[in-house]
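# Notes for the structure review
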Amino acid sequence: MIPLIPLLSALIDPGNDPELVRRLKNRDPEAMADLYDRYGRITYSLIYRIVRNAAMAEDLVQETFLRIWNRVHAFDEQKGALSPWVLTVARNRAIDYLRSVDGRRRESVFELEKMEEPALFSNLENDIMNMDRAQILREAFLKLSENQRTVIELAYYEGLSQSEMAERLQQPLGTVKTWVRTALKTLRNEIEQAAIA
Amino acid sequence: MSCEEMSGLYELYALGILDPEEKVELEDHLRTNCVTCSAELRRSLYRNAMLAAVVEQVEPPVRVRRRVLAGIGIERSRTLWVGAWAMATACLVILAAVLIMANHRQRELGDVMSMLSEPDTRQVDFGNAPAAVAKGKVYVNARRGVLLTASGLAPAPSGKTYEFWLIPKGGAPQPAGLFEAGSDGEALHFRKGPLPGNSAAVAVSVEPSGGSPAPTTKPILVIAL
């Protein structure tokens with residue numbers, strides 16, 4: 001089972017992120033401390049969940065915040081959503097590390113970095129931003145089968161492609177693809193239906 | 001594939017785990033600037049972030065914060081300049097708790113506050129080596145005095161106390177007051193008043209209760225100013 005103790009307060013309440021981004025762009029040293037105070041724990045928790053090594057998690061948290069600091073100039077504080085950007089960078093740093101230690105890096109560095117472009121985190125709907133996601137996600141995960149939860153874990157926390165999952169689970173690729181897409185569709189529908197309700 | 005068919009692939013694409021042939025097709029389509037699919041990619045990134053964040057809570061060690069700030073080269077400047085008030089405030093909170101509980105040292109608290117708020121007060125960190133007996137900070141102001149804050153300092157043995165010393169360059173240590181460490185290893189000591197112009201270091205040694213005019217044991221801490 002995926003541990004479902006949510007750490008989503010930062011996502012549920014984006015708070016004064018636009019002002020924080022503006023201060024980061026202005027190179028206000030206090031802003032970096034505030035950014036860490038807001039997202040440090042969730043970032044560390046996510047990275048630790050992926051790499052399962054405290055010392056490495058510390059390194060990758062540092063790398064994550066350094067990356068945010070170095071790229072924040074391209075982030076639109078008025079239209080951008082800071083928390084998903086920070087979490088995406090954190091998850092990608094951790095996955096990139098996993099891939100580097102088990103020889104799966106391939107072209108993934110470039111692939112992952114493409115998905116960290118600040119412009120991609122703009123113009124997200126407000127209704128998605130304001131839901132009680134913790135409960136929604138808890139309920140959504142409970143609707144997945146064990147196989148579906150397994151492949152979601154392998155995708156999010158180990159960064160395995162569907163082919164790699166099939167090899168790991170010793171299942172036909174078509175079966176794995178069905179599990180993955182059904183699981184994602186279920187999660188997506190639950191989140192979006194809750195947003196409409 | 002149609003936009004609708006592709007919409008089921010964007011989470012995988014955003015996670016960097018889409019199989020190559022599907023990725024090529026999807027990226028070709030994105031290059032057409034399809035508004036629908038561009039929006040779907042952004043939504044997928046956001047959903048991925050939400051799902052990735054459903055993890056068990058783990059409290060990071062305190063040092064991670066320091067490392068993050070040091071990593072962008074602002075910890076020192078923050079410590080010395082911009083964050084001086086924040087640090088002074090944190091220090092004063094500790095001091096206030098200790099001093100107010102003592103209930104008779106409000107005047108000393110005022111002196112400490114005055115010293116910490118001076119722009120020429122310097123901070124010196126100590127005890128970062130693994131084998132250090134304690135770690136902490138020394139705040140130095142040539143006109144106002146010197147403040148020692150330490151943690152991890154074991155209480156002095158029975159019948160003993162800690163004595164603070166000012167060490168002038170090339171001279172003998174000068175007594176600068178006695179202090180105790182709490183059971184939690186925390187210690188604070190303020191030596192009020194102008195420092196000798198040639199003060200080069202401060203030190204702490206274990207001395208008999210009542211103190212000594214000169215160190216009788218090898219100092220456990222020597223901190224260059």
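Scroll up to find the structure.
For clarity, every value in this text was computed on a predicted model and none was experimentally measured.

For chain A, the helix and strand inventory stands at 11 helices and 0 strands. Scored against the burial criterion, the 197 residues of chain A give a buried share of 43%. If you take every contact in chain A between residues at least 6 apart in sequence, the share linking residues at least 24 apart comes to 72%.

All names here are of chain B. What the 4 strands build is an open sheet, ordered S5-S4-S7-S8; its pairing is antiparallel. With partners counted over all chains shown, the strands left at the sheet margins are strand S5 (174-179) and strand S8 (221-224), one partner each. The average undirected angle you get between the axes of adjacent strands in this sheet is 20°. Note that strand S7 (residues 199-208) and S8 share 4 bridges and pair antiparallel.

Moving on: the environment of glutamate 153 of chain A. Residues and elements named next belong to chain A. Here glutamate 153 lies in helix H9 (residues 146-158). Judged by local crowding, glutamate 153 falls into the partly exposed class, with 15 C-beta atoms found within 10 Å. For the pair glutamate 153 and isoleucine 50, spaced 103 residues apart in sequence, the C-alpha to C-alpha distance is 9.7 Å.

Backbone geometry at arginine 27 of chain A places phi at a positive 60°, although glycine is not the residue there. Here arginine 27 of chain A is to be found in the loop between helix H2 (17-25) and helix H3 (29-51). The phi dihedral of asparagine 33 of chain B is positive, around 60°, even though this residue is not glycine. Relative to the assigned elements, asparagine 33 of chain B resides in the loop between helix H3 (20-30) and helix H4 (35-52).

Rules used in this analysis
- In this convention, every chain numbers its residues from 1, walking through the sequence in written order.
- To label them, take the chains in the order written and letter them from A, then take the ligands in the order written and number them from 1.
- Only residues with pLDDT of at least 70 are given local features in this predicted model, and only at 80 or more are side-chain atom pairs given and counted; all residues enter the totals for whole chains, interfaces and linings.
- Only runs of H or I of at least four residues qualify as helices and only runs of E of at least two qualify as strands under DSSP, and these elements are numbered from the N terminus.
- With C-beta atoms placed from the backbone, a residue counts as buried when 20 or more other C-beta atoms lie within 10 Å of its own, as exposed when 12 or fewer do, and as partly exposed for counts between those limits.
- The contact criterion used is a C-beta to C-beta distance within 7 Å, with each C-beta placed from the backbone.
- One requirement defines pairing of two strands: DSSP has to find at least two bridges between them.
- Each axis is a line fitted through C-alpha atoms, and for a helix only the stretch in contact is used; angles between axes span 0 to 180 degrees, taken between their N-to-C directions.

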